[in-house]
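Notes for the structure review
Each chain, letter by letter, is given below.
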Amino acid sequence: MNEKDRLKKLEMIRNSIAQVEAEDQATLETRSNEAMTTWQDGYGQDYVPADLASQILLTQRDRKSLFSLLPSAYTMPDATRTIPVEGADNTWYATSETANVVGTDVTTSKAGTDDLVLTAKKYSTSVYLSGELDEDSIVSIRPLLVNKFGASYTKLVDQAILLGDVVTAGTGNINSDDGAPTAGTYYLHQDGLIKKARTNSKTSDLGTLDLADIRTMRAQMGVKGLEPSDLVLVVDASTYFKLLGLAQVETAEKFGVSATVVNGTLQFIDGIQVLPLSYLGLTEADGKVSTTPWNNTKGRMVLIHKPSFVHGFKRQLQIVTEYLPRTDQYCLTAHLRYALNVVGTDSVSYGYNATV
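First things first, this report covers the structure right here in the doc. Fair warning: this is a prediction, and the values are worked out from it, not measured in the lab.

**Structural notes on the nonpolar core**
- Counting 31 residues, the largest nonpolar core has Leu-66, Ile-161, Leu-162, Val-234, Ile-304 and Tyr-338 as its most contacted members.
- Secondary-structure elements contributing two or more residues to this core are α3 (141-163), α4 (193-199), β7 (231-235), β10 (298-305), β11 (309-324), β12 (329-342) and β13 (348-355).
- Looking at this core, the element that brings in the most residues is α3, giving seven residues.
- In this structure Ile-304 touches Leu-66, Leu-70, Leu-162, Leu-193, Met-221, Asp-230, Leu-231, Val-232, Val-234, Ser-347 and Val-348, once residues within four positions along its chain are discounted.

Here you go:
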């Protein structure tokens, strides 16, 4: 290779390097105040002053999650998994003894088959923090954030199970009835149990709450509502407190040692486990959440047939911590891929418009 060709090749290499560096620079975060830092009140500053104790007061979370009470999740080998489901029974006929040499065959029938499809949807979160905050914080902030990701992940899955609704229009979404949901909101990925109950007309206008309302919801589920141990009743906090005061469960002469006046809690009603969840908030009278908070004054409850709930993970929760030396920042990112569905149209009932 002569000197001219060598210089030409060297110039090409330099140009390639410059292009790569320019592309790398273009991919860097340039948005203002997106990273947690030592000086932002509410986003890092609180963990920096040396006069604070090094123990964090953690947020009160729900005692149990709905996810923990449901059947085990499938491990999905593919993004979409088809699960065989038992279909209709074969048909039985009235027959009699055959007297002829060549008898009449029994009328034949077929045993039905069906299937259920799980389609994994991706959920993600990402947090940036400065190198200074990592150094100056009085707590180990990166492990703290990892733990926070894990705790909020459980809440995310619960919310996806209950509140999912794919409607993006200006009205109609159960979580944003009078305004279009924000693009990318977690609940837009797949329909959850409340939406499925409404789609299948398994709903009940509760009004003045009473034990009879729960039995009406059980009756809507037909045979799936017969066995209390197969059911879980999910309620918002206000409805839970209303249930505590029902005449059937409040006093010891009617509810024994489990009476709410004795222990202040209600673990079962009508033999069904009761699960209050903080994020299942109040709604308007139609059972949907208004974007105007003071319009949401009514309680609600969701009755679920646990054996009919099917879910799976294509990817379990994965958390990655990355150091970005060019900006002296850390980036913590988490992803999961999750799918849910129910067997049949009678697996969940939704009660709304409860006076609380």
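Having seen the model, we can carry on.
**Let's talk about the side chain of Lys-195**
- Topologically, Lys-195 is positioned in helix α4.
- In contact with Lys-195, not counting residues within four places along its chain, are Gly-164, Asp-165, Val-167 and Ile-174.

**Some points on α3**
- Taking 1.5 Å as the rise per residue, α3 with 23 residues should run 33 Å; its terminal C-alpha atoms sit 31 Å apart, in good agreement.
- When we look at burial in α3, the residues that qualify are Ile-141, Leu-145, Phe-149, Tyr-153, Leu-156, Val-157, Asp-158, Gln-159, Ala-160, Ile-161, Leu-162 and Leu-163.

**A word on the pattern of salt bridges**
- Summed over all chains, the structure comprises seven salt bridges.
- Ionic pairing is found between Asp-177 and Lys-288, a salt bridge with its closest N-O pair at 3.8 Å. Of this pair, Asp-177 sits in the loop between α3 and α4 while Lys-288 sits in the loop between β9 (272-276) and β10; the two residues are 111 residues apart in sequence, bridging distant segments of the chain. No difference in accessibility class separates Asp-177 from Lys-288, as the two residues are buried.
- Notably, a salt bridge pairs Lys-224 with Asp-346, separated by 2.9 Å at the nearest N-O pair. In this pair, Lys-224 sits in the loop between α5 (211-220) and β7 while Asp-346 sits in the loop between β12 and β13, placing the two residues 122 residues apart along the sequence.
- Through salt bridges with shared partners, a single ionic network connects Asp-165, Asp-191 and Lys-195.

**Comments concerning the packing of aromatic side chains**
- Throughout the structure, instances matching the rule amount to six aromatic pairs.
- Site record: aromatic cluster; members linked through ring pairs are Phe-67, Phe-313 and Tyr-338.
- Sitting above the plane of the Tyr-330 ring, Arg-142 keeps its charged end 4.0 Å from the centroid.
- The ring of Tyr-352 is capped by Arg-198, whose NZ or CZ atom sits 6.0 Å from the centre of that ring.

**Examining the sheet that holds β9**
- Strands sit in the order β6-β13-β10-β7-β9-β8 across an open sheet of six strands; the sheet is mixed. A single partner strand is all that each edge strand has here, and the edge strands are β6 (203-207) and β8 (268-269).
- As judged from the four bridges shared by β7 and β9, these two strands associate in the parallel manner. From the neighbouring strand, Val-232 faces β9, where its bridge partner is Gln-273.
- Packing against the sheet, helix α6 (residues 237-244) makes contact with β7, β8, β9, β10 and β13, and its axis sits at approximately 110° to β7.

**As for the environment of Ile-83**
- Relative to the helices and strands, Ile-83 resides in strand β3 (residues 80-86).
- According to the relative accessible area criterion, Ile-83 is buried, its value standing at 8%.
- Not counting residues within four places of it along the chain, the set of residues in contact with Ile-83 comprises Tyr-74, Asp-114, Asp-115, Leu-116, Leu-118 and Val-310.

Thresholds, definitions, all that
- Residues numbered from 1 in each chain as written.
- Predicted model: local features only at pLDDT ≥ 70, side-chain atom pairs only at ≥ 80, totals over all residues.
- Heavy atoms only, no water.
- Core = buried A, V, L, I, M, F, W, Y, C linked by side-chain atoms within 4.5 Å.
- Buried < 20%, exposed > 50% of the residue type's maximum accessible area, 1.4 Å probe, protein only.
- Helix = DSSP H or I, 4+ residues; strand = E, 2+ residues; numbered from the N terminus.
- Contact = heavy atoms within 4.5 Å.
- Expected span 1.5 Å × (residues − 1).
- Salt bridge = Lys/Arg side-chain N within 4 Å of Asp/Glu carboxyl O.
- Phe/Tyr/Trp six-rings, centres within 6.5 Å; stacked < 30°, edge-to-face > 60°.
- Lys NZ or Arg CZ within 6 Å of the ring centre and 35° of its normal.
- Pairing = 2+ DSSP bridges.
- Axes fitted to C-alpha atoms, helices over the stretch in contact; angles between N-to-C directions.

As far as function goes, none of this settles anything; it's purely spatial.
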